[in-house]
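Per-entry structural report
Here's the letter readout for the chains.
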Amino acid sequence: MALELARLQAVPKPWGSHDLQPWSGIDHHDVAIGEIWLQRDDSALDPALLLKLLFTREALSIQVHPDDEAAHAMGLARGKTEAWYVLAAEPGAMVALGLQSSLSQAQLRDAIKDGSIAERMSWRTAVAGDVIFVPAGTIHAIGPGLVLAEIQQRSDTTFRLFDQGRQRELHIELGVAAAYAGPAAKQVPARRLSDARTLLLATSFFTLERFELPPESLWELRAQAETWLLVIAGEGRIGPWRAHMGEGCFVQDETTHLAAGRTGLTCLIAYDAALPKRDLLRPIAARNPTIPAHSTSHRPLLLAALAKVQSPTVEARS
């Protein structure tokens with residue numbers, strides 16, 4: 001049984017941002033922050049999922065992640081399937097998912113070597129509220145001017161195919177072997193589960209929902225599987241803690257309360273299940289006076305040092 005306020009870990013990236021408002025007000029001492037990870041307190045624990053925020057002021061590399069089978073062949077615990085929820089987008093901000101047309105492995109290898117892969121990507125405009133599914137093996141890229149919430153299998157295995165002129169090492173052979181060199185699969189539209197719940201995505205590795213709780217309402221969250229919650233609008237309480245935008249929690253085998261504030265409470269919920277849970281959320285008619293009304297808990301972001309890569313095949317998003 002676990003109910004924990006998530007520890008927020010800030011990760012510097014060369015393509016990151018110095019302005020994280022309104023998601024974080026912490027002073028990062030002029031360091032560009034690319035990601036904020038929601039973590040459990042005990043670093044020895046190994047959750048199956050990772051929920052994080054991405055802030056892009058420059059384009060990221062064109063990259064691909066291995067699936068479970070390829071990862072296991074490399075001696076890794078799991079592959080990396082992920083999904084993005086667009087929280088904010090500057091006009092014209094874009095993402096790329098898959099290629100415009102199918103290539104053979106030899107053609108893909110040549111496109112990587114001469115840099116033409118950037119023109120072969122299938123780029124699309126991104127706007128707030130978009131949900132983008134990125135299965136393992138899908139070649140993809142994220143452009144500048146975006147704030148994304150990303151849910152993924154907990155893996156740092158990334159193969160860079162093109163690095164926007166940064167001259168860092170590429171992982172051509174590993175990337176070609178892991179990639180599906182063709183157009184991305186069709187995206188499945190979101191659908192309403194109830195007045196408060198929207199199913200954004202259900203995959204073999206995780207389910208992603210959005211909760212939209214009306215002002216001053218009280219709800220019961222019944223989380224059996226590993227569950228991550230991130231506040232993306234409004235404010236309120238998660239169990240005993242007051243939570244604002246950019247804050248979240250971890251819940252597993254536990255029932256807790258969600259209390260929306262005066263402007264309501266909107267959250268992303270990601271959990272380790274292939275289908276949405278019918279009894280995950282239910283309304284409570286009246287506030288329970290035993291729930292603390294004014295307790296607060298704000299945990300500072302922990303500025304993560306850039307880890308030295310032990311192998312060119314295992315590294316954080318770059």
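What you see is a predicted model, and the numbers here were worked out from it, not measured in a lab.

Moving on to the overall build of the chain. The helix and strand tally for the chain stands at four helices and 22 strands. Counting only residues that meet the buried cut, the chain has 53% of its 318 residues in that class. In the chain, 78% of the contacts between residues at least 6 apart in sequence involve partners at least 24 apart. With the model as given, the accessible surface of the chain reaches about 14000 Å², and the carbon-plus-sulfur share is 53%.

Here we take up the pairing of strand β4 (residues 49-56). Among the eight residues in β4, eight count as buried, and that is most of the element. Burial along β4 is two-sided: the face carrying Leu49, Leu51, Leu53 and Phe55 and the face carrying Leu50, Lys52, Leu54 and Thr56 are both buried. Note that strand β3 (residues 33-39) and β4 share four bridges and pair antiparallel. Within the sheet, the bridge partner assigned to Ile36 lies in β4 and is Leu53. Strand direction decides the pairing type here: β4 and strand β11 (residues 146-153), joined by eight bridges, are antiparallel. Bridge pairing in β11 places Leu49 opposite Gln153.

It is worth spelling out the nonpolar core at this point. The biggest cluster of nonpolar side chains holds 29 residues, and the ones touching the most others in it are Leu53, Leu87 and Ile151. Within the residue set of this core, elements represented by two or more residues are β2 (7-17), β3, β4, β6 (82-89), β11, β14 (197-202), β17 (227-238) and β20 (254-271). Examining the composition of this core, we find that four residues originate from one element, β4, more than from any other. Grouped together as the second largest cluster of nonpolar side chains are 21 residues, Leu213, Leu229, Ala243 and Leu265 included.

Okay, helix α2 (residues 105-114) next. Taken residue by residue, α2 has Leu108, Ala111 and Ile112 as its buried positions. One side of α2 holds all its buried residues, which, seen down the axis, span an arc of 100°. Set apart from the buried face of α2 by more than 90 degrees, the exposed residues are Lys113 and Asp114. Buried residues in α2 make contact with α3 (117-120), β12 (159-162) and α4 (172-178). One or two steps after α2, the chain reaches Gly115, where phi turns positive at roughly 80°.

As a further point, take the packing of aromatic side chains. Summed over the entire model, instances satisfying the criterion amount to one aromatic pair. Both rings, one in Trp228 and one in Phe250, keep their centres 4.9 Å apart while their planes meet at 65°; by these two values the pair is edge-to-face. Within this pair, whereas Trp228 is found in strand β17, its partner Phe250 is found in strand β19 (residues 248-252), the two being separated by 22 residues in sequence.

Enumeration over the complete set of coordinates arrives at 17 salt bridges. Arg166 is the partner of Asp163 in a salt bridge, and the nearest nitrogen-oxygen pair spans 3.4 Å. We classify Asp163 as buried; its relative accessible area is 4%. We note a salt bridge from Arg192 to Glu212, for which the minimum N-O separation is 2.8 Å. Here Arg192 is found in strand β13 (residues 191-192), whereas its partner Glu212 is found in strand β15 (residues 207-213), with 20 residues between them in sequence. Overall, Arg192 belongs to the partly exposed group, its relative accessible area being 46%.

With an omega dihedral of 0°, the bond running from Gln21 to Pro22 counts as a cis peptide bond. The topology assignment puts Pro22 in the loop between β2 and β3. The phi dihedral of Gln164 falls on the positive side, at around 55°, and the residue is not glycine. Note on placement: Gln164 falls in the loop between β12 and α4. Judged by its relative accessible area of 33%, Gln164 falls in the partly exposed class. We note that Asp253 has phi near 50°; this positive angle belongs to a residue other than glycine. Given a relative accessible area of 44%, Asp253 falls into the partly exposed group.

What follows deals with the confidence of the model for the chain. A low pLDDT score tells you not to read the predicted coordinates there in detail. Mean pLDDT over the chain works out to 89, with 89% of the residues at or above the 70 mark. For the stretch residues 287-316, pLDDT sits under 50, and the model shows 68 contacts to residues farther than four places along the chain or on other chains.

Quick look at the pairing of strand β9 (residues 131-134) now. One face of the sheet, then the other: side chains in a regular strand alternate in exactly this way. Here β9 shows a buried face lined by Ile132 and Val134 and an unburied face lined by Val131 and Phe133. As judged from the four bridges shared by β6 and β9, these two strands associate in the antiparallel manner. Note on β9: the bridge partner recorded for Ala83 is Phe133.

The residue Arg154 is located in the loop between β11 and β12 in this model. No salt bridge is formed by the buried Arg154; the nearest opposite charge belongs to Asp46, separated by 5.1 Å. A polar side-chain atom of Arg154 sits 3.0 Å from the main-chain carbonyl oxygen of Leu49. Not counting chain neighbours up to four residues away, the residues in contact with Arg154 comprise Leu38, Gln39, Asp46, Pro47, Ala48, Leu49, Leu50, Arg78 and Trp228.

Cut-off values and rules
Residues numbered from 1 in each chain as written. Predicted model: local features only at pLDDT ≥ 70, side-chain atom pairs only at ≥ 80, totals over all residues. Heavy atoms only, no water. Helix = DSSP H or I, 4+ residues; strand = E, 2+ residues; numbered from the N terminus. Buried < 20%, exposed > 50% of the residue type's maximum accessible area, 1.4 Å probe, protein only. Contact = heavy atoms within 4.5 Å. Areas by Shrake-Rupley, 256 points an atom, 1.4 Å probe, with all protein chains shown as cover. Pairing = 2+ DSSP bridges. Core = buried A, V, L, I, M, F, W, Y, C linked by side-chain atoms within 4.5 Å. Arc of directions from axis to C-beta. Phe/Tyr/Trp six-rings, centres within 6.5 Å; stacked < 30°, edge-to-face > 60°. Salt bridge = Lys/Arg side-chain N within 4 Å of Asp/Glu carboxyl O. pLDDT = per-residue confidence, 0-100. Lys, Arg positive; Asp, Glu negative; His and termini not counted. Polar contact = N/O pair within 3.5 Å; in protein donor to acceptor, adjacent residues only side chain to side chain.

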